[in-house]
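One letter stands for each residue in the lines below.
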Amino acid sequence: AGRASLFVALWLAATVVLAADVPYLSGRVVDEAEILSPAARARLVATAKAHEDRTTNQVVVLTVPSIGSESIEEYANRVFNTWKLGQQGKDNGVLVLVAPTEREMKIEVGYGLEGILPDGLAGQIIREQFIPRFRDNDYNATDPVNDIIIQPPYDAMDRMEYFKMLKKRGVRVIAPAMPALLALD
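No experiment lies behind these values; they were computed from the predicted model shown.

Thresholds, definitions, all that
- Residue indices begin from 1 for each chain and proceed along its sequence in written order.
- Only residues with pLDDT of 70 or above have their local features reported here, since the model is predicted, and side-chain atom pairs are shown and tallied only from 80 upward, although totals for entire chains, interfaces and linings are computed over all residues.
- Hydrogens and water molecules were not included; the side-chain quantities draw on all heavy atoms of the structure.
- A run of H or I in DSSP counts as a helix once it spans at least four residues, and a run of E counts as a strand once it spans at least two, with each numbered from the N terminus.
- Categorising residues by exposure relies on relative accessible area from a 1.4 Å probe, with only protein chains included: less than 20% of the type maximum marks a residue as buried, more than 50% marks it as exposed, and the intermediate range marks it as partly exposed.
- Residues grouped as a nonpolar core are buried Ala, Val, Leu, Ile, Met, Phe, Trp, Tyr and Cys residues, joined through side-chain atoms within 4.5 Å.
- Centres within 6.5 Å are what make two rings of Phe, Tyr or Trp a pair, Trp counting through its six-membered ring; a difference in plane orientation under 30 degrees is then read as stacked, over 60 as edge-to-face, and the rest as tilted.
- The criterion for strand pairing is that DSSP finds at least two bridges linking the strands in question.

**Examining the side chain of Gln 58**
With respect to the element layout, Gln 58 can be found in strand β2 (residues 58–63). Note on Gln 58: relative accessible area 19%, which makes it buried.

What follows is the structure in structure tokens.
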């Protein structure tokens, strides 16, 4: 029994050591990986602040050198919950997480915004907007965040205009519509 307890304690300690720490939430952009230029950081902060002032939705961009042994989903969820993004009762936060060492990215969305930014659209934004830029090590291209994440539509008419705008930019959109999915091709 003593050896089993010691094994479990050592295993738990090793698991904790391999998990990356959640950094301190110091602002709307937390660039722990130091991959953003000062100009890109300033643009993201200004856009996120204007968006939050207009909508109360909180968007935070986090870059970390590494997520350790966790999956990107686990780490993003842990950060999102630790930071308690969004307003209480509205759950209207968005975390844009970039881990360049693992070449991983995740957009974690609070339940209050999942109708506007569902997981499928978040994944599509990553694949079609971020990954092509990141392949070229262009982490300073803030257009995907500014144009897609930060300024989502808030009513049905705006939503359709928003998806038309994305389509014009070459993004193949599968948009949430009531009651079914609508593919704009």
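Having put the structure on the table, let's press on.
**Digging into the nonpolar core**
The biggest cluster of nonpolar side chains holds 23 residues, and the ones touching the most others in it are Val 94, Met 105, Ile 107 and Leu 117. Elements represented by at least two residues in this core include exactly β2, β3 (93–99), β4 (104–109) and α4 (119–135). Here the element with the most residues in this core is α4; it accounts for six residues.

**A short note on the packing of aromatic side chains**
Applying the stated criterion across every chain, the model contains two aromatic pairs. For the pair Phe 134 and Tyr 139, a centre-to-centre distance of 4.8 Å together with 45° between the ring planes defines the contact as tilted. Through a chain of ring-to-ring contacts, three or more aromatic side chains come together here, namely Phe 130, Phe 134 and Tyr 139.

**As for the pairing of β4**
By the criterion of burial, β4 is predominantly enclosed, with five of the six residues buried. Pairing of β3 with β4 involves six bridges; the strand directions are antiparallel. Paired with Val 94 across the bridge in β4 is Val 109. Connecting the antiparallel pair β3 and β4 is a turn made up of four residues, with Arg 103 showing a positive phi of about 55°.

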